[in-house]
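Chain residues, written in single-letter form:
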Amino acid sequence: MNYEAGICPKCHEYLLLKTKTPFLVCPKCGETISAQSANAIVERRCANIENVNSIVGECVALEIKYGPELPYMLLAKVVSNFPHLESPSYLLVKLSGFQIGLVYDYLKTFASIKSDPANVAWAESFLDNTLDFKTIEYADLYRSYVRNKVRPERQQHYFDLIDQLVKDFTTKSSDPRSTKLLMSLYVIASVLNFMLFPVMMFLSGWLSQVFSLYFIVNILLAVVAVCVEMLLLVWHHKVFGNRLSMSQKERLWMVIFLSSMVFVVGAVVMGSIWKIKL
């Protein structure tokens, strides 16, 4: 069941409210209260910028006492109202378990903002918890974050760590053959995938005269084509490693290739229905 944050209008304690439950008994003071009123108090409190620092402090205490769920809800409301306040934004990322999406949003918003390291005491903890292969695609944002948030004597440590992660992550992907081969795979595979439609129509027309389960051949053909293409991409990854960026041309062909994979599924169905008999 979903929950939302509230504050008891009687005893002013934070509560987790079940959604679509109009009334409840406050577990703190025992009074019957309106869930709508309790939630409205939280909304007003989180919308007042003067309350932000106290809410952040309360969230730290709430996390220790009750776990991350309730403070996460409160901080999400604060960040929604004041997206350019760094302290609640970082704490929201921390309470989320450093989810990649929130890490990116935090870096994108604050990495370029110069801060006194004393005012962002969490900067090194943030880097220690998030710098790995899953997030190294944000390497440029991390470098900017280090320049603007970390103590000068610690910056080189993190620059070296980022550079090493990028090197390990990309392996041989900078080799010109990597891009040429990958583009060739995208183009050839896309053309073949689209060509499967007429091929399956001819196969259906020919095989339907021999046996009734002719569509199974189309299914097997599609499975083999997709598996071969995936194996080639896996082989390319093993030989040339990961990539941190791509050109617009490469991105376009990647989208065409992915779309052609969906086309293969449609070709199995429609190619088995529309038979061409010679």
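See the structure printed just above.
Just so we're clear, the structure is a prediction, and the values are computed from it rather than from any experiment.

**Student:** Would you take a moment to explain the overall build of the protein for this structure?
**Tutor:** The secondary structure content of the protein amounts to eleven helices and four strands. In summary, the protein has a C-alpha radius of gyration of 28 Å against a globular reference of 19 Å for 278 residues, an excess of more than 25%. Scored against the burial criterion, the 278 residues of the protein give a buried share of 39%. A separation of at least 24 residues holds for 63% of the contacts in the protein among residues at least 6 apart in sequence. In the structure as shown, the protein presents an accessible area of about 16,000 Å², 62% of it carried by carbon and sulfur atoms. Mean positive and mean negative side-chain charge positions of the protein (27 and 23 charges, respectively) differ by 8 Å.

**Student:** What's the story with the side chain of Lys149 in this structure? I'm lost.
**Tutor:** Mapped onto the fold, Lys149 is located in helix H7 (residues 139-149). Taking the relative accessible area as the measure of exposure, Lys149 reaches 1% and is therefore buried. At 3.2 Å, the side chain of Lys149 and the backbone oxygen of Phe110 are in polar contact. Side-chain polar atoms of Lys149 contact the side chain of Ser115, separated by 2.9 Å. Apart from residues lying up to four places away in sequence, Lys149 is in contact with Glu86, Phe110, Ile113, Ser115, Pro117, Val120 and Ala123.

**Student:** Help me out: how do you make sense of the nonpolar core in this one?
**Tutor:** If you look at soluble globular proteins, the nonpolar side chains tend to sit buried side by side. Counting residues in each nonpolar core, the largest one holds 28 residues, and the members touching the most others are Phe126, Leu127, Tyr142 and Tyr145. Excluding residues that lie within four positions of it along the chain, Leu127 makes contacts with Tyr142, Tyr145, Val146, Val150 and Tyr158.

**Student:** Quick question: what am I supposed to make of the pattern of salt bridges here?
**Tutor:** When charged atoms on two side chains of opposite charge get close, those side chains can pair. Enumeration over the complete set of coordinates arrives at nine salt bridges. For Arg151, the salt bridge is made with Glu124, and the minimal N-O distance between the two is 2.7 Å. Of this pair, Arg151 sits in the loop between H7 and helix H8 (152-170) while Glu124 sits in helix H6 (residues 123-130), and the two are 27 residues apart along the sequence. Between Arg151 and Glu153 there is a salt bridge, with the nearest N and O atoms lying 3.7 Å from each other. A residue is classified by how much of its surface remains accessible, and Arg151, at 37% relative accessible area, is partly exposed.

**Student:** It is not clear to me how the packing of helix H9 (residues 176-207) against helix H10 (residues 215-240) should be interpreted in this structure. Could you clarify?
**Tutor:** Packed helix pairs are characterised by how far apart their axes lie and by the angle those axes make with each other. Relative orientation of the contacting elements H9 and H10 amounts to 175 degrees, with a least axis distance of 10 Å. Between H9 and H10, the angle falls in the class roughly antiparallel. Class assignment for the residues of the contact of H9 with H10 results in 18 nonpolar, five polar and two charged.

**Student:** I'm lost on helix H4 (residues 86-95) in this one. Help?
**Tutor:** Given 3.6 residues per helical turn, the α-helix brings residues three or four places apart onto the same face. Of all ten residues making up H4, eight are buried, and the element is well covered by its neighbours. Of all the residues in H4, the buried ones are Glu86, Pro88, Ser89, Tyr90, Leu91, Leu92, Val93 and Leu95. If you follow the buried residues of H4, they end up packed against helix H2 (52-66), helix H3 (69-81), helix H5 (100-110), H6 and H7. Just downstream of H4, Gly97 is the residue with a positive phi angle, here 80 degrees.

**Student:** For this particular structure, what's the right way to read the environment of Asn81?
**Tutor:** Looking at the element boundaries, Asn81 is found in helix H3. By relative accessible area, Asn81 is classed as partly exposed at 37%. Remark: the alpha-carbon pair of Asn81 and Cys46, spanning 35 residues in sequence, is separated by 7.5 Å. If we skip the residues at most four places from it in the chain, Asn81 touches Cys46 and Ala47. For Asn81, the side chain forms a polar contact with the main-chain oxygen of Cys46, separated by 3.1 Å. Within the structure, the side chain of Asn81 is placed 3.1 Å from the backbone oxygen of Lys77, a separation counted as a polar contact.

Calculation criteria
- Residues numbered from 1 in each chain as written.
- Predicted model: local features only at pLDDT ≥ 70, side-chain atom pairs only at ≥ 80, totals over all residues.
- Heavy atoms only, no water.
- Helix = DSSP H or I, 4+ residues; strand = E, 2+ residues; numbered from the N terminus.
- Rg over C-alpha atoms; globule rule 2.2 N^0.38 Å.
- Buried < 20%, exposed > 50% of the residue type's maximum accessible area, 1.4 Å probe, protein only.
- Contact = heavy atoms within 4.5 Å.
- Areas by Shrake-Rupley, 256 points an atom, 1.4 Å probe, with all protein chains shown as cover.
- Lys, Arg positive; Asp, Glu negative; His and termini not counted.
- Charge placed at Lys NZ, Arg CZ, Asp CG, Glu CD.
- Polar contact = N/O pair within 3.5 Å; in protein donor to acceptor, adjacent residues only side chain to side chain.
- Core = buried A, V, L, I, M, F, W, Y, C linked by side-chain atoms within 4.5 Å.
- Salt bridge = Lys/Arg side-chain N within 4 Å of Asp/Glu carboxyl O.
- Axes fitted to C-alpha atoms, helices over the stretch in contact; angles between N-to-C directions.
- Parallel < 35°, antiparallel > 145°, perpendicular 65-115°, else oblique.
- Nonpolar A, V, L, I, M, F, W, Y, C, P; charged D, E, K, R; others polar.

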